[in-house]
Amino acid sequence: MAEDGESKQEHLTVVKKKDVTPRYTGDACIHWVIGKDSGGARELTMGCTTIKPGGKNPLHIHPNCEEILHLLEGEVEHIVEGDDGELHHFRMEDGDSIVVPRGKKHQAINVGLKDARWIVTFSSADRQTIICDSNK
């Protein structure tokens, strides 16, 4: 280990959230902390998401990866497309997690009275997102 605490291994990186530019999708503020463009991940993407009360992200899919969401705080209604093609609603509270299968439509709505904050992890360092037509 180097004297300043940094590893000599080039692919080992600590990414500080304060150094990551937030991105906005719908009402969601996302910090993409680790992925192919940040942190040197080769197989995963990880981000931190915040949605204000009453806010939501757009209905969307990830055609190339699964997604795991772990709710740190808040109350969220997560809508996920089932194998039957219907949209199913799941109420999530602090500490709850959900797996969204590859290619399934999904959306989060903050139904609580405080900011909802969660960690999202994807099974690809090159996570792809397609926003669904809200009129369908």
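Throughout, residues of each chain are indexed from 1 in the direction in which the sequence is written. Residues qualify for local features only when their pLDDT is at least 70, as the model is predicted, and side-chain atom pairs are given and counted only at 80 or more; totals for whole chains, interfaces and linings, by contrast, use all residues. As a rule here, side-chain values cover all heavy atoms of the structure and leave hydrogens and water aside.

**Observations regarding the sheet that holds strand 3 (residues 45-51)**
What counts is decided by this rule: Paired strands, in this sense, are two strands between which DSSP finds at least two bridges. Under the scheme used here, helices are H or I runs from DSSP no shorter than 4 residues and strands are E runs no shorter than 2 residues, and both carry numbers assigned from the N terminus. A fitted line through C-alpha atoms represents every axis, and for helices the fit uses only the stretch in contact; the resulting angles, taken between N-to-C directions, go from 0 to 180 degrees.
Sheet architecture is open: 6 strands sit in the order 1-2-3-10-5-8, paired in antiparallel fashion. In the strand order of this sheet, the two ends are held by strand 1 (23-25) and strand 8 (97-100), each with one partner. Looking at each pair of strands side by side, their axes are set apart by 25° on average, direction ignored. Where strand 1 and strand 2 (residues 28-34) come together, 3 bridges link them in antiparallel fashion. When the sheet's bridge partners are listed, Thr 25 is paired in strand 2 with Ala 28.

**Digging into the packing of aromatic side chains**
Filter applied, for reference: Aromatic rings from Phe, Tyr and Trp, with only the six-membered ring used for Trp, were paired whenever their centres fell within 6.5 Å, and each pair was classed as stacked if the ring planes differed by under 30 degrees, edge-to-face if by over 60, and tilted otherwise. Remark: a charge is flagged as sitting over a ring if the NZ atom of Lys or the CZ atom of Arg is within 6 Å of the ring centre and within 35 degrees of the ring normal.
With the rule as written, the count across this model stands at 1 aromatic pair. Sitting over the ring of Trp 32, Arg 127 keeps its end group 3.9 Å from the ring centre. Taking NZ or CZ as reference, Arg 127 lies 5.5 Å from the ring centre of Phe 122, over its face.

**Remarks on the side chain of Thr 49**
This is how the line gets drawn: To sort residues, take the accessible area from a 1.4 Å probe on protein chains only and compare it with the maximum for the residue type: under 20% means buried, over 50% means exposed, and anything in between is partly exposed. Residue contacts follow a heavy-atom distance rule, with two residues in contact if any of their heavy atoms lie within 4.5 Å.
Mapped onto the elements, Thr 49 comes out in strand 3. Given a relative accessible area of 5%, Thr 49 falls into the buried group. Sequence-distant contacts of Thr 49, that is, excluding residues within four places in its chain, are made with Ala 28, Cys 29, Ile 30, Ala 116, Arg 117, Trp 118 and Val 120.

**Some points on the state of the cysteines**
Let me state the cut-off plainly: The term disulfide is used for any two cysteine sulfur atoms that are within 2.5 Å.
Counting across every chain of the model gives 0 disulfides. With no disulfide of its own, Cys 29 lies closest to Cys 48 among cysteine sulfurs, the gap being 9.8 Å. On the basis of relative accessibility, which here comes to 15%, the residue Cys 29 falls in the buried class.

**With respect to the nonpolar core**
For clarity, the threshold we go by: By nonpolar core we mean a set of buried residues, namely Ala, Val, Leu, Ile, Met, Phe, Trp, Tyr and Cys, connected to one another through side-chain atoms within 4.5 Å.
In this structure, Leu 69, Leu 71, Val 76, Trp 118 and Val 120 are the most contacted members of the largest nonpolar core, which totals 17 residues. Elements with a contribution of two residues or more to this core: strand 2, strand 5 (67-73), strand 6 (75-81), strand 8 and strand 10 (116-122). Setting aside chain neighbours within four positions, we find Val 120 in contact with Trp 32, Thr 45, Met 46, Gly 47, Thr 49, Glu 67, Ile 68 and Leu 69.

**With respect to the environment of His 70**
Quick reminder of the rule: Under the rule applied, a polar contact is a pair of N or O atoms within 3.5 Å (in protein, one hydrogen donor and one hydrogen acceptor; residues adjacent in sequence only if both atoms are side-chain atoms).
If you trace the backbone, His 70 turns up in strand 5. Assessed through its relative accessible area of 30%, His 70 is described here as partly exposed. Each C-alpha atom, one on His 70 and one on Arg 117, is 8.8 Å from the other, the two residues being 47 residues apart in sequence. Separated by 2.7 Å, the side chains of His 70 and Ser 97 make a polar contact.

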